[in-house]
Amino acid sequence: MYSRLRQLRTDFSISAFIVGLIATMVSYAGPLLIVFQAAEVVNLSHELVSSWIWAISFGTGLSAIVLSIRFKAPIITAWSTPGLVLLVASWSAYSFSDAIGAFVISGLAITLLGFSGLFSKIMAYVPQAITTAMLAGILLSFGVQVFVSIPDFPALAIAMLISYLCAKRWTPRYAVVIALLVGTAVALGFDRMHFDTIQVELVIPIFTMPTFSLDAIIGLGVPLFIVTMASQNAPGMSVLKADGYDTPASPLIATTGLASLLTAPFGSHGINLAAITAAICTGKEAHPDPGKRYIAGISSGLFYLLFGMFGATIVSVFSAFPKELTAVIAGLALFASLSSSLTSAMSEPSQRESALITFLVTISGISIGGIGAAFWGLVAGVLTNLILNGDVRRIVKRSKKQDIDVSG
């Protein structure tokens, strides 16, 4: 233990510490706002939202610290942003305790996949074009909200959009943060901030006994599991490998699954490997020496734990923002994910019809037997692919071979 602490002191750097803080701030500046949109769907109380924020912050922070120390790599974790979007689209059909049950099942499935190493084998039967098309369908409404908000508060929406685009050109890493700062300034200038709602207080986590409904498990749990694994954990591993970290996937996924499982009764919808914020911490900005960038992962985890303790305060701060600001910043934060999802979904010619049908069914909002559109979009895409292409396994292998040939 002493030798490990001494090693931490030796490897510590201000740059890695600050980069960890920036990564955490980016998470709270963008994706966290979708928590409030999801909470509005089911009219969650202030206390339950505070507990939810504490749970995702605690699960994220603890897993990042443990994994970064264990593997001496900047393992950045996060809460599932696609999962939040899924909740906005589908949560209204289920009770809160049934949703908690679905979160538990999703976390359990991720944990089992992590320990068993079956993730890559299972996902081989679902072409990437279909999973990314489902994600694009879920994300679409958020992107649209950026422009729907313009008639309601044109000065704010247009200023945020322009500042985001300008920042995207010159300092893309901080585009969302800059847009949020500009939106806040405009809201202040128009006297649309409600400071009387802000309260500084520590969070009191609330345990909710999960109930298990087949409809909620299929309509929420299964899509949540799929989008978390395909759209978060898979890219998260890719970011690590791109920066030279050959970290084994199984223990990372198993740890995030356990974090999801343990925090689900307190409101957490899911913890996973980060991709965007991970890219902030795995690069040279953290430290010239890749072996010392793990400090950024520890730093990020510590800030998640600190911010999570004040979940109630965060709730009151964000409730001070006008609803148009929340809608616009959430949409802007998801622009990159929506763009990459659409590109990936249509990149393989033989799977374009399957991806298109998945996308259309997902955005249709249909619900059959109490099960939401995201699941039916996935089913429709897989069936379409079977009809058009035959054996899914063969098609996926062919697609992977083409990717290897192109990259080579």
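About the criteria used
Residues numbered from 1 in each chain as written. Predicted model: local features only at pLDDT ≥ 70, side-chain atom pairs only at ≥ 80, totals over all residues. Heavy atoms only, no water. Helix = DSSP H or I, 4+ residues; strand = E, 2+ residues; numbered from the N terminus. Buried < 20%, exposed > 50% of the residue type's maximum accessible area, 1.4 Å probe, protein only. Contact = heavy atoms within 4.5 Å. Core = buried A, V, L, I, M, F, W, Y, C linked by side-chain atoms within 4.5 Å. Patch = residues over 30% accessible without salt bridge, like charges linked within 9 Å, V, L, I, M, F, W, Y side chains within 5 Å. Areas by Shrake-Rupley, 256 points an atom, 1.4 Å probe, with all protein chains shown as cover. Salt bridge = Lys/Arg side-chain N within 4 Å of Asp/Glu carboxyl O. pLDDT = per-residue confidence, 0-100. 1 Å grid on protein atoms, 1.4 Å probe; cavity = no way out; pocket = protein on both sides within 12 Å on 5 of 7 lines; lining within 4 Å. Points joined across faces, edges and corners; volume = space filled by probe spheres on them. Nonpolar A, V, L, I, M, F, W, Y, C, P; charged D, E, K, R; others polar.

(A) Layout of the overall build of the protein. A count of helical and extended segments in the protein gives 20 helices and 2 strands. Across the 408 residues that make up the protein, the buried fraction comes to 55%. Partitioning the intrachain contacts of the protein with sequence separation of at least 6 by distance along the chain shows that 83% fall at a separation of at least 24.

(B) Representation of the nonpolar core in the model. One finds Leu32, Val35, Trp52, Trp91 and Leu332 to be the most contacted residues of the largest nonpolar core, which totals 76 residues. Looking at this core, the element that brings in the most residues is helix α8 (residues 128-148), giving 10 residues. Ranked by size, the runner-up nonpolar core spans 17 residues in total, among them Leu8, Ala274, Ala278 and Tyr294.

(C) Representation of a nonpolar patch on the surface in the model. A contiguous nonpolar patch, built from Val200, Leu202, Leu306, Met309 and Phe310 and spanning about 470 Å² of accessible area, is present on the exposed surface. With respect to the element layout, phenylalanine 310 can be found in the loop between α14 (294-309) and α15 (311-318). According to the relative accessible area criterion, phenylalanine 310 is partly exposed, its value standing at 30%.

(D) How the structure looks around the confidence of the model for the protein. The share of residues in the protein with pLDDT of 70 or more is 85%, and the mean pLDDT across the chain is 81. The low-confidence segment residues 401-408 (pLDDT under 50) makes 1 contact with residues lying over four places distant or belonging to another chain.

(E) Molecular detail of empty space enclosed by the protein. For the structure on display, the rule yields 1 cavity of 30 Å³ or more. Lining the largest cavity we find Ile75, Ile76, Gly236, Leu240, Leu273, Ala274 and Ala278. Here the lining of the largest cavity is built from residues that sort into 6 nonpolar, 1 polar and no charged.

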